[in-house]
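Observations on the model geometry
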Amino acid sequence: MSRMNRFSHNPRFLPVVATVLFILTLGPNLQAASPNGTTTSTWLARGVEEMPGLPLGPFVRLGSGNILTVDTATSALESADEGKTWESRPVFADPAAYAIRPERAILRTPGGVVILAFANDKEKAGWKWAPSISDSPDARLPTYAVRSSDDGKTWETPQKLHDDWTGAIRDIIQTNRGAVVFTTMMMQHNPGRHSVLTYSSADGGTTWRRSNVIDRGGIGHHAGVTEATIETLRDGRIWMLMRTKWKTFWEAYSTDEGVTWTSIAPTKIDASSAPGLLARLQSGRLVLVWNRYYPEGKTTFPLSGGDNQWSEVPVSNHRLELSIMFSDDDGKTWIGGLMIDEREDVTYPDGVQAGDGTIYLIYDHQRTPLGEVLMATFTEDDVRAGKPVSDK
C-alpha cells in the first residue's frame, strides 16, 4: 500500500480531527506560481481557531472506524468519537522501561496490523557535545519498532533495532508489494554527524532488515543527512528525500523495498535545513511540502553553522514559510511552488487527503516554545489554479 493509499484510507492524520485542531483555511489571496515553480507572494489566510485536547499524533484509522495514536509516554490512545475523547491503554508490559519520543511514525496495514516506530527516551544517555572534538561519542538513543496484530488493543514485545543516537524517525510507508519501510537516523562519530537509514519488513513488522547507512559526511550536531521522507514511484522504486545543510534536499533510490539505497546525490530542489513531506495524491501526482532555502522574494537569510559545531558549512534554517508543489512525472518536473503559510517558524508538515479530494495539511507552528499544531485545508485544483476554486 503506497503512502497515497495510506493518505486516503489509512492516514496518520485524519480530516475528522479538524474539529480539535488549530484550523487554517484557504484565504482569498492565494496567487499563482511562476512556470518554473517559484512562488509569487502566496499564502493562506490566518483564520485560525484553537481547539485544545488533541494528542500530538500521528494518527491511524482502525478497522472499526476509531482513531488511534500514541502519547509521549507509554500509552496508545483510541477515540471512538472523532477525537473528542480518548481511551488510554498500555503499549508496553514494562512501562518503566520505555518512553515514546515525539518524533515517531505509525502505520496500519490493510490486515489490521499497527506498527509503531519510535526512539526510546528512557534509554537516552551520554549526550555531551564536546566542541573540542565536534562530537558526542557516548550518545545513545535507540530505535525500536513494536506491533499490534489486533488494531492496537494489545502489543507485542518491542524490538530494538539499533542502540545508536536516533535524531528522529520521520516517515513510514507500505509499498505496493506490501513491505513496510520506515526512515530513521544513526549518529556517526569522529567527527559527530548524522546519517539516514531505513528498516524494512516483508512480514508486517514481525522481522526487520536494516538498510545500508547513508552517510555523506559533515561536522556538527545538526550536520550530515537527516529526517528523510519516502514514497513509492510508479516504477516500483522508493524515492527518498533527505534534509541537509547543503542548500537542497539530497535523494536516494531503492529497488529492493528499502533494503539498499543507491544513486545518492543532491537534487535541484532548494531547501533550508528542515524536513519535507513527500506523498502521492489520489490523482497520482506527487506532492512535496517543504521550507525553501530563502523566504519568498529574498536571496539572503541569516545563516547558522559553519563552525563545526552546528554544521561545517553555514546554512539557512529558514522556517518562516511553508510551500507546496506537485509533480505529474514522479519528481522530474514540478508545478505550483505555492506558499501555504508565512507565519514565523512553520515546519514538520504531514497530511491526509480525504475521499472527496480535500487535502488536510498539518504542521508545527513554533515547535518551541509554543508547540502549536495548525491545519490548512485545500484541494489539488486550488493549488494548480493558483487561487481558491473549490469550496474546501
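In this text the structure is predicted, and so the values were computed from the model without any measurement. (Residues numbered from 1 in each chain as written. Predicted model: local features only at pLDDT ≥ 70, side-chain atom pairs only at ≥ 80, totals over all residues. Heavy atoms only, no water.)

A closer look at the overall build of the protein chain
When you go through the protein chain residue by residue, the secondary structure sums to two helices and 26 strands. Counting the 392 residues in the protein chain, one finds 60% classified as buried. Intrachain contacts of the protein chain at a sequence separation of at least 6 include 54% that bridge at least 24 residues. (Helix = DSSP H or I, 4+ residues; strand = E, 2+ residues; numbered from the N terminus. Buried < 20%, exposed > 50% of the residue type's maximum accessible area, 1.4 Å probe, protein only. Contact = heavy atoms within 4.5 Å.)

Quick word on the nonpolar core
Among the nonpolar cores identified, the biggest contains 18 residues, and V289, I324, I340, L361, Y363 and F378 are the most heavily contacted of them. Elements with a contribution of two residues or more to this core: β18 (277–280), β19 (286–290), β22 (322–327), β23 (335–341), β25 (359–365) and β26 (372–378). (Core = buried A, V, L, I, M, F, W, Y, C linked by side-chain atoms within 4.5 Å.)

Considerations on the pairing of strand β16 (residues 248–254)
The buried fraction of β16 is high, at seven of seven residues. Pairing of strand β15 (residues 238–243) with β16 involves five bridges; the strand directions are antiparallel. The partner of M242 across the bridge, within β16, is W250. Count of turn residues in the β15/β16 antiparallel hairpin: four residues, of which K247 carries a positive phi of about 75°. Where β16 and strand β17 (residues 262–270) come together, four bridges link them in antiparallel fashion. (Pairing = 2+ DSSP bridges.)

A short note on the sheet that holds strand β8 (residues 140–148)
Ordered by their spatial adjacency, four strands build an open sheet running β6-β7-β8-β9, and the pairing between neighbours is antiparallel. Bordering the open sheet on either side are β6 (105–108) and β9 (159–164), each of which pairs with just one other strand. The sheet shows a mean angle of 10° between the axes of neighbouring strands, direction not considered. Sheet topology places β6 next to strand β7 (residues 114–119); four bridges connect them, and they run antiparallel. Considered in β7, the bridge of R108 is made with V114. (Axes fitted to C-alpha atoms, helices over the stretch in contact; angles between N-to-C directions.)

As for the pattern of salt bridges
When charged atoms on two side chains of opposite charge get close, those side chains can pair. Counting across every chain of the model gives 19 salt bridges. Note that R101 is salt-bridged to D121, the shortest N-O span being 2.8 Å. On the criterion of sequence distance, the pair formed by R101 in the loop between β5 (87–90) and β6 and D121 in the loop between β7 and β8 is long-range, its members being 20 residues apart. Overall, R101 belongs to the buried group, its relative accessible area being 15%. Here R285 makes a salt bridge to D328, at a shortest N to O gap of 2.9 Å. Of this pair, R285 sits in the loop between β18 and β19 while D328 sits in the loop between β22 and β23; the two residues are 43 residues apart in sequence, bridging distant segments of the chain. The partly exposed category is assigned to D328, whose relative accessible area is 41%. (Salt bridge = Lys/Arg side-chain N within 4 Å of Asp/Glu carboxyl O.)

A few points about the sheet that holds β17
Reading across the sheet, the four strands line up as β14-β15-β16-β17 and stay open at both edges, with antiparallel pairing between neighbours. What marks the edges here is a single partner per strand, and that holds for β14 (226–232) and β17. Across the sheet, the axes of successive neighbouring strands diverge by a mean angle of 30°, strand direction being ignored.

A few points about the side chain of E257
Position of E257 among the secondary structure elements: in the loop between β16 and β17. Judged by relative accessible area, E257 falls into the buried class, the value being 14%. A distance of 2.6 Å separates polar atoms of two side chains, one belonging to E257 and the other to T175. Reaching out from E257, the side chain makes a polar contact with the side chain of R177 at a distance of 3.0 Å. Among all residues touching E257, those that are not within four sequence positions of it are T175, R177, A179, V181, S200, G236 and I238. (Polar contact = N/O pair within 3.5 Å; in protein donor to acceptor, adjacent residues only side chain to side chain.)

Overview of the packing of aromatic side chains
To describe a pair of aromatic rings, one takes the distance between the centres and the angle between the planes. On inspection of all chains with the given rule, the structure shows 14 aromatic pairs. Relative to Y144, the ring of Y98 has its centre 5.5 Å away and its plane inclined at 85°; by these criteria the two rings are edge-to-face. Taken together, the positions of Y98 in the loop between β5 and β6 and Y144 in strand β8 put the pair 46 residues apart, joining distant regions of the chain. Both residues of the pair, Y98 and Y144, belong to the buried class. (Phe/Tyr/Trp six-rings, centres within 6.5 Å; stacked < 30°, edge-to-face > 60°.)

Topic: the pairing of strand β11 (residues 180–188)
Counted residue by residue, β11 has nine buried out of nine residues, so it is predominantly covered. Side chains V180, F182, T184, M186 and Q188 project from β11 onto one buried face, and the interleaved V181, T183, M185 and M187 project onto a second face that is buried too. Across three bridges, the pairing between strand β10 (residues 172–174) and β11 is antiparallel. Residue pairing in the sheet places Q174 in a bridge with V180 of β11. In sequence, β10 turns back onto β11 through a hairpin of five residues, with G178 there showing a positive phi of about 100°. One ladder, built from nine bridges, connects β11 with strand β12 (residues 193–201); its direction is antiparallel. Looking at β12, one finds that M185 is bridged to V196.

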